[in-house]
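Structural overview
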Amino acid sequence: MKIRKAIFPVGGLGTRFLPATKALPKEMLPVVDKPLIQYAVEEAAEAGIEEYIFVTGRNKSAIEDHFDHSTELETLLHIKSKSEALLAVQEMMKPPGSISYVRQQEPAGLGHAVWCARNIVANEPVSILLADDLILGKPALKEMCEAWKGGNMVATMKVDPEKTASYGIITPGKTFGNLVEVHGLVEKPKPKDAPSAIAIVGRYIIQPSVFTTLSTQSKGAGGEIQLTDALSEEIGKAPFFGYHFSGKRFDCGSKLGFVQANIAFALQRDDLKRPLQNWIKNQF
Ligand code: UTP
């Protein structure tokens, strides 16, 4: 079975990035010249996703505008023969009807945001991408979809054992290449309580039964409804694997991760690599 749909939860408040995120959705912050959410949508498209479901909140209308035509801008770029810029804004458009939006109404947590998409997803497995987890290199969701044979799957990576309280952490079982059995999941454990230093990164493939589990989920870490808590209840019901993706992940919800991502992505660009390297050499 193919994964056709992707949920993009974009209803969070982005409090770690204030004041930038007071009026601007965190997911619209640009890395070099592209907003985070566009990287996530492009990654989903590379994985073969055909339907894009955004779970938004108040103050997030810039995301809807970004994925719609801007007729005035396009006309102006056409008149001024700015063909490269025109192509950039037109190429990113998705077929009409392939993007849906649902409002989360209150930022009650990632689990709650995912649950809000239940009626649009209906009864099929679905992927989830968190745009603030930006991945450089091989598109992680594509790798996961290729490895997925059913059940639930989360993207995983090794983290500093002292930093487990910033992540969802798995209890690992047997490994098979890039796949690792998930025997347990816990959200933001203190290092002394963490079952491992293998963290969940913001890419998931979930079974529709997770929506039912989420509907009765009580608040977890941070007083929020946590996706990790609902997923931990799925263990044993269906195969559950972590996938060690090959790319490098940047936490663009944090200031340091965001600045690092901008430098790393700029260094991949032919137009920016040389001048940036020269500037860094001369500065430090
Ligand atoms: P974060 O844990 O980074 O939370 O959410 P946040 O609220 O966006 O940011 P901080 O911690 O206050 O700085 C991870 C992802 O889940 C989404 C966010 O938009 C982000 O993509 N999310 C989070 C929701 O959609 N709804 C929520 O209620 C919480």
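Residues numbered from 1 in each chain as written. Predicted model: local features only at pLDDT ≥ 70, side-chain atom pairs only at ≥ 80, totals over all residues. Heavy atoms only, no water.

**Notes on the pattern of salt bridges**
The final tally for this structure, using the stated rule, is 18 salt bridges. The closest approach of N and O atoms between Asp-132 and Lys-26, which form a salt bridge, is 2.7 Å. Taken together, the positions of Asp-132 in the loop between strand E6 (126-129) and strand E7 (133-136) and Lys-26 in the loop between strand E1 (5-9) and strand E2 (30-31) put the pair 106 residues apart, joining distant regions of the chain. Residue Lys-163 pairs with Asp-160 through a salt bridge whose shortest N-O separation is 3.8 Å. Here Lys-163 falls in the partly exposed class, since its relative accessible area comes to 47%. The network of salt bridges with shared partners includes Lys-2, Arg-4, Lys-5, Glu-50, Glu-51 and Glu-124. (Salt bridge = Lys/Arg side-chain N within 4 Å of Asp/Glu carboxyl O. Helix = DSSP H or I, 4+ residues; strand = E, 2+ residues; numbered from the N terminus. Buried < 20%, exposed > 50% of the residue type's maximum accessible area, 1.4 Å probe, protein only.)

**A few points about the packing of aromatic side chains**
Taken as a whole, this structure holds eight aromatic pairs when the rule is applied. Consider the rings of Phe-8 and Tyr-52, whose centres lie 6.2 Å apart with planes at 20°: the pair is stacked. Within this pair, whereas Phe-8 is found in strand E1, its partner Tyr-52 is found in strand E4 (residues 51-56), the two being separated by 44 residues in sequence. Each member of the pair, Phe-8 as well as Tyr-52, is classed as buried. Cluster of aromatic residues (ring-pair linked, three or more members): Phe-8, Tyr-52, Phe-54, Phe-67 and Tyr-101. (Phe/Tyr/Trp six-rings, centres within 6.5 Å; stacked < 30°, edge-to-face > 60°.)

**Section: the site of the ligand**
Of all residues adjacent to the ligand, which total 17 residues, the nearest are Gly-11, Thr-15, Arg-16, Lys-26 and Gly-109. Between the ligand and Arg-16 there is a distance of 2.7 Å, counted from an oxygen atom to a backbone nitrogen or oxygen. Here the ligand loses 85% of its free accessible area of 560 Å² to cover by the protein chains. The site holding the ligand turns out to be the largest pocket. Here the shell around the ligand is composed, by residue class, of seven nonpolar, six polar and four charged. (Near = heavy atom within 4 Å. Polar contact = N/O pair within 3.5 Å; in protein donor to acceptor, adjacent residues only side chain to side chain. Areas by Shrake-Rupley, 256 points an atom, 1.4 Å probe, with all protein chains shown as cover. 1 Å grid on protein atoms, 1.4 Å probe; cavity = no way out; pocket = protein on both sides within 12 Å on 5 of 7 lines; lining within 4 Å. Sits in = over half its atoms within 2 Å of the grid points. Nonpolar A, V, L, I, M, F, W, Y, C, P; charged D, E, K, R; others polar.)

**Some details on unusual backbone geometry**
The residue after Leu-18, namely Pro-19, is reached through a cis peptide bond having omega 5°. As for its placement among the helices and strands, Pro-19 is situated in the loop between E1 and E2. The backbone phi angle of Ser-81 is positive, close to 55°, even though this residue is not glycine. Residue position: Ser-81 is located in the loop between helix H3 (71-79) and helix H4 (83-91). Positive phi outside glycine occurs at Ala-122, with the angle close to 60°. Residue position: Ala-122 is located in the loop between helix H6 (118-121) and E6. The exposure class assigned to Ala-122 is partly exposed, which follows from its relative accessible area of 44%.

**A closer look at a nonpolar patch on the surface**
There is a patch of nonpolar side chains on the surface, built from Val-259, Ile-263, Trp-279, Ile-280 and Phe-284 and spanning about 520 Å² of accessible area. Those elements that place two or more of their residues in the nonpolar patch are helix H10 (255-266) and helix H11 (273-283). Here Ile-263 shows up in helix H10. For Ile-263, a relative accessible area of 38% translates into the label partly exposed. (Patch = residues over 30% accessible without salt bridge, like charges linked within 9 Å, V, L, I, M, F, W, Y side chains within 5 Å.)

Scope: geometric values only; no functional claims are made or implied.
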